[in-house]
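Summary of structural features
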Amino acid sequence: MSASPVVPALRDRPAGRQPAPVSAVPSWLRFFTSELRLVFYRPRNIALLGVLAFIPLAIGVLFKLTVNNAAAGAPPFFNQVAGNGVFLSLAVLVLMLSLFLPLAICVVAGDAVAGEASHGTLRGLLTVPAGRTRLLAVKFSAVVVFALAACILVVGVALLVGVILFPVGQVTLLSGTTVPLADGLFRVLIVALYASVGMAAIGAVALAASTLTVHPVGAIAAALVFVLASEIADAVPQLSAMHPFLVSHFWLSWDGLFRTPVDLSGVEHGLLSFVLYIVIFVAIAWARLTSADITS
Amino acid sequence: MSSPASPEEVAFGRSGSHWDAVPLDDAARRSTSAVGPWTETSGAATASSAYAIASSGLTKQFRSGQLAVDGVDLAVPAGCVYGFLGPNGSGKTTTIRMLLGLITPTSGSHAMLGFPMPGGLADALPRVGSLVEGPAFHPHLSGAENLARLDAADRTADRRTVDERIDAALDRVGLLAAADKHYRAYSLGMKQRLAIATSLLRRRELVILDEPTNGLDPQGTREVRALIRKIAADGTTVFVSSHLLAEVEQVCTHVGVMATGKLVFQGTLEQLRGGQPGRVLIRTPQPELAAKILGGLGLAGVQESGNEVSAELGDMRPEEVCERLVLGGVPVAGLETPRRSLEDEFVHLTGEGFDVG
Ligand SMILES: Nc1ncnc2c1ncn2[C@@H]1O[C@H](COP(=O)(O)OP(=O)(O)OP(=O)(O)O)[C@@H](O)[C@H]1O
Ligand SMILES: [Mg+2]
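The notes below deal with the structure included here. (Residues numbered from 1 in each chain as written. Chains lettered and ligands numbered in written order. Predicted model: local features only at pLDDT ≥ 70, side-chain atom pairs only at ≥ 80, totals over all residues. Heavy atoms only, no water.)

A look at the overall build of chain A
The line we're drawing: By definition, any uninterrupted DSSP run of H or I lasting at least four residues is a helix, any uninterrupted run of E lasting at least two residues is a strand, and each is numbered from the N terminus. A contact between two residues is defined here by any heavy atoms of the two lying within 4.5 Å. Shrake-Rupley sampling with a 1.4 Å probe provides the accessible areas, and residues are treated as covered by the protein chains on show and by no other component. Note on charges: Lys and Arg go in the positive column, Asp and Glu in the negative column, and His and the chain ends are not counted at all. A charged residue contributes its charge at one atom only: NZ of Lys, CZ of Arg, CG of Asp or CD of Glu.
Across its full length, chain A carries nine helices and two strands. Counting from the amino terminus, helix and strand elements in chain A follow one another as α-α-α-α-α-α-β-β-α-α-α. Dimensions of chain A, computed from C-alpha atoms along their principal axes, come out at roughly 75 × 50 × 30 Å. The contacts in chain A between residues at least 6 apart in sequence include a share of 78% that link residues at least 24 apart. Total accessible area computed for chain A in this model is approximately 13200 Å², and 73% of it derives from carbon and sulfur atoms. Each charge sign in chain A was given a centre, from 15 positive and 11 negative side chains, and these centres are 14 Å apart.

Here it is, written out as structure tokens:
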């Protein structure tokens, strides 16, 4: 804040109508920036991102130590890591998309509204007035940015660690053909973006939970239970009829990107599922937040 | 809790559209609420109204069944300092939450600055500064950052002047020196001051403060009163709630008194003072005789206790009463016309009870 030597008294300001916003920056962008600062400067969230950055490093070291133990039943990409460090990023994503990434998103999104409610800052924002719909739009946008940041961070650190610990070169796809390194990296980037959308979907679920309670821990726990229940159901073959409707079902369905010819069907189904989840749960959050009595 | 108040309670000076303390019967009250002051201005597109706040039959029943606010007809004239009084749990905060659109009334309607609610919330709220139920901020942000956050949420705020406005608001509440301290390191009084500062971030037409002196030391309480005077001197209407009459009586021009969810009095301070008929109190060794004579004079509310007798004076002069008593053979040892303090008035309106529901 500027240390203005002369503090103008409000009384001396011209009376009358409030000045219209004449700033070059649109007001929603200002609100959004403020929300991003709140999310990314918050010590807990910084710690969360720190943990997310550390895990790929730990996984990388673990892979390095067990480099000779290629296993037949290993998930895709695991056995390729020793040959090409780029695959570490994909192996790390496979490992982290099941728990650590959804957990981080649930913490931030579950806290988004319930945290403000429990601090009592929600009533402050609404009497500004921030606008309930506008507040929700800003909150969800920040969750999406956090999901993107988390996925990019994880993939970025994994790529770095992969480059340092393992040989790097042309990328051999699952179908056996080889593509240039840049092409391989581009595909990894697409996977990171795809995973972000998947995480945004669980973010929408957690955000909806966040509007239903004033206890952030409750919202976070509820969203996590949702994720775990979905993953458990996804692992039960008898429930295969409901698998396509589970939020976690398509989180790993991007391996088609590493085949020739590229098979987009998994990614397409996944995006459709994510968008549906986002639409439904953001709508629930909106219906709830715009009608709720704020008594906290 | 939700049982209807006794007739004396409701009949006492509860007024809808005019500033009188004349007892109204139920039918009259209903008719005044039906043509509450808000009807003149509802639908107006601009913020020009004789009433900064006007409500009609504002009612909130929580899902628990609790009738927290029951048919409140507020009429807060523009430019006044309105003390919104009531004991703990009487529904002050709930009323304020409804005014600000935080909770939806079960029934009733209201307008702020001439904007009918809830449609006019987005137009009215930028002109309204408010503090609801104590300070609430992000603990890991500084005071100034917390204010900046709220200002950033305001789509009508001017970004270019934000630093000066924050400094000015903090300066007005005496927090400028602690502007960059983390909120969690603030003392209770500092937190309260920061909360008041949020309502001063911009020029306001109406400031609603819910118990602004909560947790302040006597010095801080005086400063808040001085601040309220200053805000009011700018032409801003101030609506300040408190459970202590003494705290606001020095600054208020008008008062509304809540008791168990009902607005049991609304009027000017003078009307609150003069609203009750004066009483006469006689000390005499022969109280029975005195009581009989007072009754014979047509005085209401004759009460005897020990060697004291009291009655409502009505329009009779005290010297006249004394003369009649002496003529009737009552040895008058003393005669007083105790003036009820505002505090007594307040307690009379809200009841002595300690239990809250
Ligand atoms: N969310 C809620 N659910 C159920 N009842 C509530 C809720 N909030 C308040 N109440 C009840 O409504 C009544 C009025 O509460 P309110 O907070 O408006 O009182 P108040 O006048 O502000 O009291 P205080 O001086 O203690 O702040 C109380 O009896 C309270 O128990
Ligand atoms: Mg209260």
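Quick look at the site of ligand 1
Note the threshold: The criterion for a residue being near a molecule or strand is simple. One of its heavy atoms has to lie within 4 Å of it. For the purposes of these results, a polar contact is taken to be a pair of N or O atoms within 3.5 Å, where, inside protein, one atom must be able to donate a hydrogen and its partner to accept one; residues adjacent in sequence count only when each atom of the pair is a side-chain atom. For this classification, the nonpolar set comprises Ala, Val, Leu, Ile, Met, Phe, Trp, Tyr, Cys and Pro, the charged set comprises Asp, Glu, Lys and Arg, and every other residue, Gly included, is treated as polar.
The environment of ligand 1 is made up of 15 residues, and the closest members are B:Gly89, B:Gly91, B:Lys92, B:Thr93 and B:Thr94. Nearby residues around ligand 1 are contributed by chains A and B. A distance of 2.8 Å is found between an oxygen atom of ligand 1 and a side-chain nitrogen or oxygen belonging to B:Lys92. At 2.5 Å from an oxygen atom of ligand 1 is found a side-chain nitrogen or oxygen belonging to B:Thr94. For ligand 1, whose free accessible area comes to 640 Å², the fraction covered by protein is 72%. For the shell around ligand 1, the residue count by class is three nonpolar, ten polar and two charged.

Section: the interface of chain B and chain A
The line we're drawing: Note: buried area is the sum, over both parts, of the accessible area (probe 1.4 Å) each one loses when the two are combined. A carboxyl oxygen of Asp or Glu within 4 Å of a side-chain nitrogen of Lys or Arg is what we treat as a salt bridge.
Tallying the contact residues gives 56 residues for chain B and 48 residues for chain A. Carbon and sulfur atoms make up 54% of the surface buried where chain B meets chain A, a total of about 4500 Å² over both sides. The interface formed by chain B and chain A contains four salt bridges. As a salt-bridge pair, B:Arg149 and A:Glu116 come within 2.8 Å of each other at their nearest N and O atoms. For the interface between chain B and chain A, the tally reads 17 residue pairs in polar contact (both at pLDDT 80 or more). Those elements that place two or more of their residues in the side of chain B that touches chain A are α5 (121–124), β7 (128–131), α6 (143–152) and α7 (162–172) of chain B. Examining the composition of the side of chain B that touches chain A, we find that eight residues originate from one element, α7(B), more than from any other. Of the residues assigned to the side of chain B that touches chain A, the class counts are 27 nonpolar, seven polar and 22 charged.

A word on the sheet that holds strand β4 (residues 81–85) of chain B
All names here are of chain B. Worth spelling out the cut-off: The pairing criterion for strands is at least two bridges between them, as found by DSSP. Between N-to-C directions, angles cover 0 to 180 degrees, with each direction set by a line fitted to C-alpha atoms, over the stretch in contact for helices.
Taken in spatial order, the six strands line up as β7-β8-β9-β4-β10-β11 in an open sheet, and their pairing is mixed. Strand pairing shows two members of the sheet lacking a second neighbour, β7 and β11 (262–268), which therefore form its edges. Mean inter-strand twist for the sheet, computed between neighbouring axes without regard to direction, equals 10°. Summarising the sheet, β7 and strand β8 (residues 206–210) pair through four bridges and their orientation is parallel. If you follow Ser-130 over to β8, its bridge partner there is Ile-208. Against the sheet, helix α4 (residues 92–99) makes contact with β4, β8, β9 (237–242) and β10 (254–259), and its axis sits at roughly 145° relative to β9, the strand it touches most. On the sheet, helix α9 (residues 218–233) packs against β4, β8 and β9 and is oriented at approximately 155° with respect to β9.

Here we look at empty space enclosed by the protein
As a reminder of what qualifies: Here a cavity means grid points, on a 1 Å grid over the protein atoms only, where a 1.4 Å probe fits yet cannot get out; a pocket means an open set of points with protein on both sides within 12 Å along at least five of seven lines; lining residues are those with an atom within 4 Å of a point. Grid points are joined across faces, edges and corners, and a volume is the space filled by probe spheres set on the points.
Counted under the stated rule, the structure contains five cavities of 30 Å³ or more. In this structure, the largest cavity occupies an estimated 290 Å³ of space. A:Gly124, A:Thr127, B:Ser130, B:Leu150 and B:Thr198 are, among the 24 residues lining the largest cavity, the residues nearest its centre. Elements represented by at least two residues in the lining of the largest cavity include exactly α5 (121–127) of chain A together with β7, α6 and α8 (188–198) of chain B. In the lining of the largest cavity, the residues fall into ten nonpolar, nine polar and five charged. Together, ten residues line the second largest cavity, and B:Arg172, B:Arg203, B:Arg204, B:Asp234 and B:Thr236 are the ones closest to its centre. Partitioned by chemical class, the residues of the lining of the second largest cavity number four nonpolar, one polar and five charged.

Here's the deal with α8(B)
Residues and elements named next belong to chain B. Formally: Between buried and exposed lies partly exposed: a residue is buried under 20% and exposed over 50% of the maximum accessible area for its type, with that area taken using a 1.4 Å probe on protein chains only.
Of all eleven residues that make up α8, nine are buried, and the element is covered over most of its length. Turning to α8, its buried residues are Gly-189, Met-190, Gln-192, Arg-193, Leu-194, Ala-195, Ile-196, Ala-197 and Thr-198. Tucked into the core, α8 has its buried residues touching β7, α6, α7 and α9.

Let's talk about the pattern of salt bridges
Following the criterion strictly, the structure yields 23 salt bridges over all chains and no others. Residue A:Asp111 pairs with A:Arg42 through a salt bridge whose shortest N-O separation is 2.7 Å. Taken as a pair, A:Asp111 in helix α4 (residues 100–119) and A:Arg42 in the loop between α1 (27–40) and α2 (43–65) lie far apart in primary sequence, 69 residues in all. There is no split in this pair, since A:Asp111 and A:Arg42 are both buried. In the salt-bridge network here, residues are joined through shared partners; they are A:Glu35, A:Glu116, A:Lys139 and B:Arg149.

A short note on the nonpolar core
The test is simple: Among buried residues, those of type Ala, Val, Leu, Ile, Met, Phe, Trp, Tyr and Cys that are joined through side-chain atoms within 4.5 Å constitute a nonpolar core.
Counting 167 residues, the largest nonpolar core has A:Leu101, A:Trp254, B:Met112 and B:Phe239 as the members making the most contacts within it. Contacts of B:Met112, omitting those with residues within four sequence positions, involve B:Ala52, B:Ile53, B:Leu99, B:Leu100, B:Met117, B:Ala124, B:Leu125, B:Val128, B:Leu206 and B:Ile208. One finds B:Leu294, B:Val309, B:Ala311 and B:Val330 within the second-largest nonpolar core, a separate group that totals 15 residues.

A closer look at the environment of B:Leu263
Residue and element names in this part refer to chain B. On the secondary structure map, Leu-263 appears in strand β11. The buried category is assigned to Leu-263, whose relative accessible area is 0%. Sequence-wise, Leu-263 and Gly-351 are 88 residues apart; in three dimensions their C-alpha atoms are separated by 13 Å.

Side note on the packing of aromatic side chains
In this description, an aromatic ring pair is defined by two values, namely the gap between the centres and the angle between the planes. As a reminder, the rule being used: Classification of ring pairs uses Phe, Tyr and Trp, with its six-membered ring standing for Trp, and accepts pairs whose centres are within 6.5 Å; under 30 degrees between planes counts as stacked, over 60 as edge-to-face, and the remaining range as tilted. To sit over a ring, a charge needs its Lys NZ or Arg CZ within 6 Å of the ring centre and within 35 degrees of the ring normal.
Considering all chains together, one arrives at 14 aromatic pairs over all chains under this definition. Aromatic side chains A:Phe77 and A:Trp254 sit 5.5 Å apart centroid to centroid with 15° between the ring planes, which places their arrangement in the stacked category. Of the two residues, A:Phe77 is situated in the loop between α2 and α3 (86–96) and A:Trp254 in the loop between α8 (216–235) and α9 (265–291); the sequence distance between them amounts to 177 residues. Residue A:Phe77 is classed as buried on the basis of its relative accessible area, which comes to 1%. The interplanar angle of 55° and the centroid separation of 5.8 Å between the aromatic rings of B:Tyr183 and B:Tyr186 together place this pair among those described as tilted. Owing to a relative accessible area of 7%, B:Tyr183 belongs among the buried residues under this scheme. Aromatic rings pair up to connect A:Phe77, A:Phe87, A:Trp254 and A:Phe258 into one cluster. Over the aromatic face of A:Phe166 sits the side chain of A:Lys64, whose NZ or CZ is 5.4 Å from the ring centroid. Geometry around B:Tyr183 places B:Lys191 over its ring, the cationic atom sitting 5.4 Å from the centre.

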